[in-house]
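Residue strings, one per chain:
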Amino acid sequence: MTVSVTIIWVAKIFFEGLIQLNAALLITVIHLADSYLRYLPLKNKISPEENFKLWLRLFILATCTTALYKNFFEVFGVTASNYKIILGFGWLPFFLITVLTIRRQLSYHFFILGMSGLWMLSLHNLAAMADALFFANETLEILALIHGGLYLTFFAVLLPVEKYFFVGMSDASSIFQDRVQGKYLALLPALLGIGHFLLWQDEYLWHDWNERFSRLYLILGFFYIYQYILIGTKNFNEHQKILHEQQLLKEQLKSLEQHNQLIAENQEQMDALKQNLREDYEKLLSLLKQSDAQGVLNFLNQRENLLDATKIIRFCRAPLINAAISIYMQQAKKFGIEFEHKIKMPAEILTEESDFAILLSNLLENAVIASQKQPPDERKISIVIKYNARQCLLEVSNLYNEPLRLNKNGFPSTTQKKSGHGIGMLSVGTFAKKYKAQVAFEQLNGKVRFVMYWEEAAK
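These numbers were taken from a predicted model, which means no experiment stands behind them.

**Student:** When you look at the environment of Ile321 in this model, what are you seeing that I'm missing?
**Tutor:** Mapped onto the secondary structure, Ile321 falls in helix 12 (residues 319-334). For the pair Ile321 and Phe356, spaced 35 residues apart in the sequence, the C-alpha separation amounts to 7.0 Å. For Ile321, the residues in contact, after removing those within four places along its chain, are Cys316, Met345, Ile349, Glu353, Phe356, Ala357 and Leu360.

This is the structure we're talking about:
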């Protein structure tokens, strides 16, 4: 009799332990599933290193929380209120891990959290409806396991839909660049669901059907906010595109003004040469008659230096490209920056001259600004332009010792308004998109190197 009682007692403890362990595992998997939803809008915006760190930390946290939840249930039991507390607030450390690993656009993180919260509440509501319809006679402990299993089942079945919507939110990150606007948009989904979330956090496992049906509108709110954000993002991007085009036009106008200024200066120098040409011939003839060879050489060197003083150097037949390179070559010399160039271009190019000139101006401006921060004996800029039939290669490099932070596109990113990178990288993106160019950027051994390759379309 004692042996039978002992066996029953041990079996009961083992069975209860399994319930507690399974409940802990289910809740942890639910939190990981919710973390995956919050990860989808961010996955294309993070580096492989960030991606590895994020999931390593999440799985370590999941291991710890499983053990913690199991101990909690062993001490306090698997009750409705305990189950809901862990399920309702256990997501917080998982969310913090994501925010601390991907340290940017906090308002965007909160927006994704709110949208995943609306989706989570909707799935829990569907699971609760299935509980009431098919498993009403089960004990509370078993029902908690069934509820978690149903939630994950709905999550898995709807995964293609979830991927569609949450991956689609990745484009909305641009609208959160505006801090004021982003702050209010970030709180919109959270405010929609917070009331139902608080009502759900009670000591009752069952709610009446009126409450269950009232929660169905949350999914409608989810779709409404999603569509609203997509429309807002489209309008925001169009507005940014207009501002970008205006800025590029200003840069083009600036380049043209500098080009015209250089032409005017050169014309003045050429006029002076023309006016003095007769005198120069007479002086040269006089020196020749006197057989003054050294005087002739000195005179020719003097006139050669005067010709070299003209500022626009003819690299190709495109005046804007000549002006762009000449302007920043003169600036480089002004700041003691060595300037090397290897340019081989055909007489005619199919790439629009203004596009190419703006691209060169912005890249060389960034290089000049960066080189000024270098020690005087470590200032050097190099530009290479090569054409092979319709294949075009552009390379701009400069010495720069300070490490650069690269964005998701592999380009330098900065928050300094005077750094020059913002407009420069926008012009790169615009040019690359228009001409389907391949772009590479690297910093190695104190040298920053930008390379762009594209093929010109046939006429």
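Structure shown, so let's carry the discussion forward.
**Student:** Help me out: how do you make sense of the side chain of Asp355 in this one?
**Tutor:** Following the sequence through the fold, Asp355 ends up in helix 13 (residues 353-372). Engagement of the side chain of Asp355 in a polar contact is seen with the side chain of Lys434, the distance being 2.7 Å.

**Student:** I'm lost on a nonpolar patch on the surface in this one. Help?
**Tutor:** Taken together, the side chains of Leu187, Leu191, Ile194 and Leu198 make up a nonpolar region of the molecular surface, amounting to roughly 400 Å² of accessible area. Here Leu198 shows up in helix 8 (residues 179-200).

**Student:** Explanation requested: the sheet that holds strand 5 (residues 447-455) in the structure shown.
**Tutor:** Backbone-to-backbone hydrogen bonds pair the strands of a sheet. The strands run either parallel or antiparallel. Sheet architecture is open: 5 strands sit in the order 1-2-3-5-4, paired in mixed fashion. The outermost strands of the open sheet, each flanked by one partner alone, are strand 1 (338-344) and strand 4 (438-444). Pairwise comparison of adjacent strand axes, ignoring direction, gives a mean angle of 5° for this sheet. Examined bridge by bridge, strand 1 and strand 2 (residues 380-388) share 7 bridges and lie parallel to one another. Looking at the pairing, Glu340 lines up with Ser382 of strand 2.

**Student:** Whenever I open this one, the pairing of strand 4 confuses me. Can you help?
**Tutor:** Residues in a regular strand project their side chains so that they alternate between the two faces of the sheet. In terms of strand pairing, strand 4 meets strand 5 through 7 bridges, oriented antiparallel. In the sheet register, Leu444 faces strand 5, and the bridge partner there is Lys447. In this antiparallel pair of consecutive strands, strand 4 and strand 5, the connection spans 2 residues, and Asn445 shows a positive phi of 55°.

**Student:** Just checking my understanding: could you explain the pattern of salt bridges for this structure?
**Tutor:** Two side chains with opposite charge may pair up if their charged atoms get near one another. The full count for this structure, using the stated rule, is 7 salt bridges. A salt bridge links Glu340 to Lys380; the nearest nitrogen and oxygen atoms lie 3.3 Å apart. Taken together, the residues Glu340 in strand 1 and Lys380 in strand 2 connect sequence positions 40 residues apart. Across the pair Lys434 and Glu352 runs a salt bridge whose closest N-O atoms are separated by 3.3 Å. Residue Lys434 is found in helix 14 (residues 421-435), and its partner Glu352 is found in the loop between strand 1 and helix 13; the two are separated by 82 residues along the sequence.

**Student:** Would you take a moment to explain the packing of helix 5 (residues 106-134) against helix 7 (residues 159-168) for this structure?
**Tutor:** When two helices pack together, their arrangement is given by the angle between the helix axes and the distance between those axes. Interhelical geometry of helix 5 versus helix 7 gives an angle of 160° and a closest axis separation of 12 Å. Taken together, the axes of helix 5 and helix 7 are roughly antiparallel relative to one another. Where helix 5 crosses over helix 7, the handedness of that crossing is right-handed. Across the interface between the two elements, Met115, Ser116, Trp119 and Leu123 of helix 5 pack against Val161, Glu162 and Phe166 of helix 7. The class makeup of the residues in the contact of helix 5 with helix 7 is 5 nonpolar, 1 polar and 1 charged.

**Student:** Can you help me understand the confidence of the model for the chain in this one?
**Tutor:** Detailed conclusions should not be drawn from predicted coordinates in areas where pLDDT is low. Looking at the chain as a whole, the pLDDT averages 78, with 74% of positions reaching at least 70. Contacts from residues 3-17, a stretch scored under 50 in pLDDT, to residues over four places away or in other chains number 2 contacts.

**Student:** Just to check I follow, could you spell out the side chain of Thr101 for this structure?
**Tutor:** Following the sequence through the fold, Thr101 ends up in helix 4 (residues 91-101). Once you skip the residues sitting within four places of it in the chain, Thr101 turns out to touch Glu50, Lys53, Leu54 and Arg57.

**Student:** So what exactly am I meant to see when it comes to the nonpolar core here?
**Tutor:** Side chains that are nonpolar tend, in soluble globular proteins, to be buried together. One finds Phe111, Met115, Phe166, Met169 and Phe222 to be the most contacted residues of the largest nonpolar core, which totals 55 residues. Listing elements by their share of this core, those giving two or more residues are helix 1 (2-39), helix 2 (48-76), helix 3 (80-89), helix 5, helix 6 (140-157), helix 7, helix 8 and helix 10 (217-289). Ranked by the residues each element gives to this core, the list is headed by helix 1, at 10 residues. With residues near it in sequence (within four places) discarded, Phe111 still touches Met169, Phe176, Leu185, Ala186, Pro189, Ile225 and Ile229.

Definitions and cut-offs
- Residues numbered from 1 in each chain as written.
- Predicted model: local features only at pLDDT ≥ 70, side-chain atom pairs only at ≥ 80, totals over all residues.
- Heavy atoms only, no water.
- Helix = DSSP H or I, 4+ residues; strand = E, 2+ residues; numbered from the N terminus.
- Contact = heavy atoms within 4.5 Å.
- Polar contact = N/O pair within 3.5 Å; in protein donor to acceptor, adjacent residues only side chain to side chain.
- Patch = residues over 30% accessible without salt bridge, like charges linked within 9 Å, V, L, I, M, F, W, Y side chains within 5 Å.
- Areas by Shrake-Rupley, 256 points an atom, 1.4 Å probe, with all protein chains shown as cover.
- Salt bridge = Lys/Arg side-chain N within 4 Å of Asp/Glu carboxyl O.
- Pairing = 2+ DSSP bridges.
- Axes fitted to C-alpha atoms, helices over the stretch in contact; angles between N-to-C directions.
- Parallel < 35°, antiparallel > 145°, perpendicular 65-115°, else oblique.
- Left-handed = near helix turned anticlockwise from the far one by under 90°.
- Nonpolar A, V, L, I, M, F, W, Y, C, P; charged D, E, K, R; others polar.
- pLDDT = per-residue confidence, 0-100.
- Core = buried A, V, L, I, M, F, W, Y, C linked by side-chain atoms within 4.5 Å.
- Buried < 20%, exposed > 50% of the residue type's maximum accessible area, 1.4 Å probe, protein only.

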